[in-house]
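Per-entry structural report
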Amino acid sequence: IIQHIKEKMTLDESSSSSKAPTIYHVTVSAPTNIACIKYWGKASIPLNTPINDSVSITLQQRDLKAVTTASCSTAFETDELWLNGAKVSLDGNRRFYNCLNGVRALGKKKLDGKVHVSSYNTFPTAAGLASSAAGYAALVYAFKELFDAVEEYEGQLSTIARQGSGSACRSLYGGFVAWRKGSDPYTEGKDSMAVQIAPETHWPEIRALILVVSDAKKDTSSTKGMSTSVATSKLLAHRASQIVPERMEQIEKAFLAKDFEAFGRITMMDSNQFHATCLDTYPPIFYMNDISKSIISLVHKYNDFYGEIRAAYTFDAGPNAVLYTLEKYQVEILAFMLKCFPSSIGDDFVSNSELAKQASECELKPELLELTKLAEEGDVKMIYCTESGPGPQRLDDGLCLIDLETGLNKYSP
């Protein structure tokens, strides 16, 4: 294959009319997002529309992001995809082609030829940290830049990203982002789209600590879990129709008012109810483990000690905890968690070395120290310290993941 591509791209020196096919390419990054009101359950599987609205915070790309290069050339014989350095078959990959064809149809730049795409995540894949959201947001944004796509109506690109991975639609915007389920999921799903409620600059004091309890692929995929929950959980149906609409209104109001007490309470309650629907599913689905539950208990004890909500946990479909807090409490909460979950890994255990240093020097109140229950070393594998951030970004061409001579992937983990 390599030799064939090289031959097609080599100039024929004996013919002045010959020309090497161009490899058009762009490289982008896209963020993950962590939901405060969870999306769980599809109204339409073909359109990938949800049974309820959801809302999330888009996270800073410093540590958590997907990086994707999309390239196109008439020298390519087939569409190709590499994820984290490994080639992935595109046979029957409806999600990939929904994104490719949807964005290509909006392109002002009409490029012929097949596409080669290489993408990687800077955080664990399929471990409940919304890696697919970042990945498909990066894919759609890369195609948007490659084909110079222009939306016909605001939010259209998010409806395309939704067809790759539902939560990906929210990763196309920074800050606090809602995914409106749409008025009629059984039509074309045109109004099932992401809407930015507030940019990342609205509440700059918001912080997130991500405690990686497990970086292993989860036993039950989100897609399979949702399908089983929709089919068997009456609690899920009640949640979607009766609980979520009111919570969406309340949490959007709280975020815009920068009311962390209300924001945190709603976030934790919705996380709890989401996992309750997983338990109500038959057979039940277990995404959290004992370490996850101990983190929940510690957060409540911490908040009770101060008589107010200073930290708010949320768990997606996995055991890893995301703790939302404010900048002024971040160091103490990090110090508290480090006391509860010790590690000998060293500098790599906390993503932000400066915050890690401050936390190590933080003197916890004696009453807080009494609340800490030392876990086994290694129960928490890493802690990311991050904040709200912007949507996808175009990167320098020097970061291209495709070999521009062969058209093949050159990224290696």
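A brief look at the structure comes next. On a predicted model such as this, the values are computed, not experimentally measured, just so you know.

Considerations on the pattern of salt bridges
If you walk through the whole model with that rule in mind, you get 14 salt bridges. With a closest N to O distance of 3.0 Å, Arg247 and Asp270 form a salt bridge. Of this pair, Arg247 sits in helix α6 (residues 234–256) while Asp270 sits in helix α7 (residues 260–280); the two residues are 23 residues apart in sequence, bridging distant segments of the chain. When its relative accessible area of 11% is taken as the criterion, Arg247 is described as buried. Residue Arg310 pairs with Glu308 through a salt bridge whose shortest N-O separation is 2.8 Å. Classification of Glu308 as partly exposed rests on a relative accessible area of 29%. Look at the salt bridges and you will find they share partners, linking Asp53, Arg180 and Glu252 into a network.

Thoughts on the pairing of strand β1 (residues 24–31)
Put simply, side chains in a regular strand alternate between the two faces of the sheet. Judged by how many residues are buried, β1 sits mostly within the fold: seven of eight residues are covered. Pairing analysis gives eight bridges linking β1 to strand β6 (residues 65–73), with the strands arranged antiparallel. Among the inter-strand pairings, Thr27 is bridged to a residue of β6, identified as Thr69. By the bridge criterion, two bridges tie β1 to strand β16 (residues 393–394) in an arrangement that is antiparallel.

Looking at the sheet that holds β16
Within the open sheet, the six strands sit side by side as β8-β7-β9-β6-β1-β16. Their pairing is mixed. The sheet terminates laterally at β8 (86–88) and β16, the two strands that pair on one side only. Sheet analysis places strand β7 (residues 80–83) next to strand β9 (residues 114–121), joined by four bridges and oriented parallel. Across the sheet, Leu81 pairs through a bridge with Val117, a residue of β9. Its contacts with the sheet place helix α2 (residues 94–104) against β6, β7 and β9, and it is angled at close to 120° to β9. Sitting on the sheet, helix α3 (residues 131–147) touches β1, β6, β9 and β16, and the angle it makes with β1 is about 145°.

Side note on the sheet that holds strand β11 (residues 194–198)
Taken in spatial order, the four strands of this open sheet run β2-β5-β10-β11, and their pairing is antiparallel. Each of the sheet's edge strands pairs with one partner strand only, and the pair in question is β2 (33–37) and β11. When strand polarity is set aside, the average angle formed by the axes of neighbouring strands in this sheet is 35°. As defined by bridge partners, strand β5 (residues 54–58) adjoins strand β10 (residues 176–179) across four bridges and the pair is classed as antiparallel.

Digging into the packing of aromatic side chains
Enumeration according to the criterion identifies 19 aromatic pairs in this entry. With centroids separated by 4.5 Å and ring planes inclined at 65°, the aromatic side chains of Tyr39 and Trp179 adopt a geometry described as edge-to-face. Of this pair, Tyr39 sits in the loop between β2 and β3 (42–44) while Trp179 sits in strand β10, placing them 140 residues apart in sequence. Just as Tyr39 is buried, Trp179 falls in that class too. Ring centres 5.9 Å apart and planes at 65° place the aromatic pair Phe255 and Phe263 in the edge-to-face group. A relative accessible area of 4% means that Phe255 is categorised as buried. Judged by its relative accessible area of 0%, Phe263 is buried. By way of ring pairs, the aromatic residues Phe176, Trp203, Phe255, Phe260, Phe263 and Tyr324 are connected into one cluster. Over the ring of Tyr306 we find Arg310, and its NZ or CZ is 3.7 Å from the ring centre.

Thoughts on the pairing of β5
With five of five residues buried, β5 lies mostly within the body of the structure. Burial along β5 is two-sided: Ser54, Ser56 and Thr58 facing one way and Val55 and Ile57 facing the other are all buried. In terms of strand pairing, β2 meets β5 through four bridges, oriented antiparallel. The residue bridging Ile34 from the neighbouring strand is Ile57, located in β5.

Reading the values: the criteria
- Every chain's residues receive numbers from 1 upward, in the order its sequence appears when written.
- Totals for whole chains, interfaces and linings use all residues, but because this is a predicted model, local features are given only for residues with pLDDT of at least 70 and pairs of side-chain atoms are given and counted only at 80 or more.
- To obtain the side-chain values, all non-hydrogen atoms of the structure were included, while hydrogens and water were left out.
- Any carboxyl oxygen of Asp or Glu that lies within 4 Å of a side-chain nitrogen of Lys or Arg is treated as forming a salt bridge with it.
- A run of H or I in DSSP becomes a helix once it reaches four residues, and a run of E becomes a strand once it reaches two; helices and strands are each numbered from the N terminus.
- In this scheme, a residue with accessible area under 20% of its type's maximum is buried, one over 50% is exposed, and one in between is partly exposed, where area comes from a 1.4 Å probe on protein chains only.
- At least two bridges found by DSSP between two strands are what make those strands a pair.
- A contact between two residues is defined here by any heavy atoms of the two lying within 4.5 Å.
- Axis lines are fitted through C-alpha atoms, for helices just across the contact stretch, and the angle between N-to-C directions can take any value from 0 to 180 degrees.
- Ring geometry is summarised as follows: Phe, Tyr and Trp rings, the Trp one being its six-membered ring, pair when their centres sit within 6.5 Å, and such pairs are stacked at plane angles under 30 degrees, edge-to-face over 60 and tilted between the two.
- Criterion for a charge above a ring: Arg CZ or Lys NZ at most 6 Å from the ring centre, at most 35 degrees from the ring normal.

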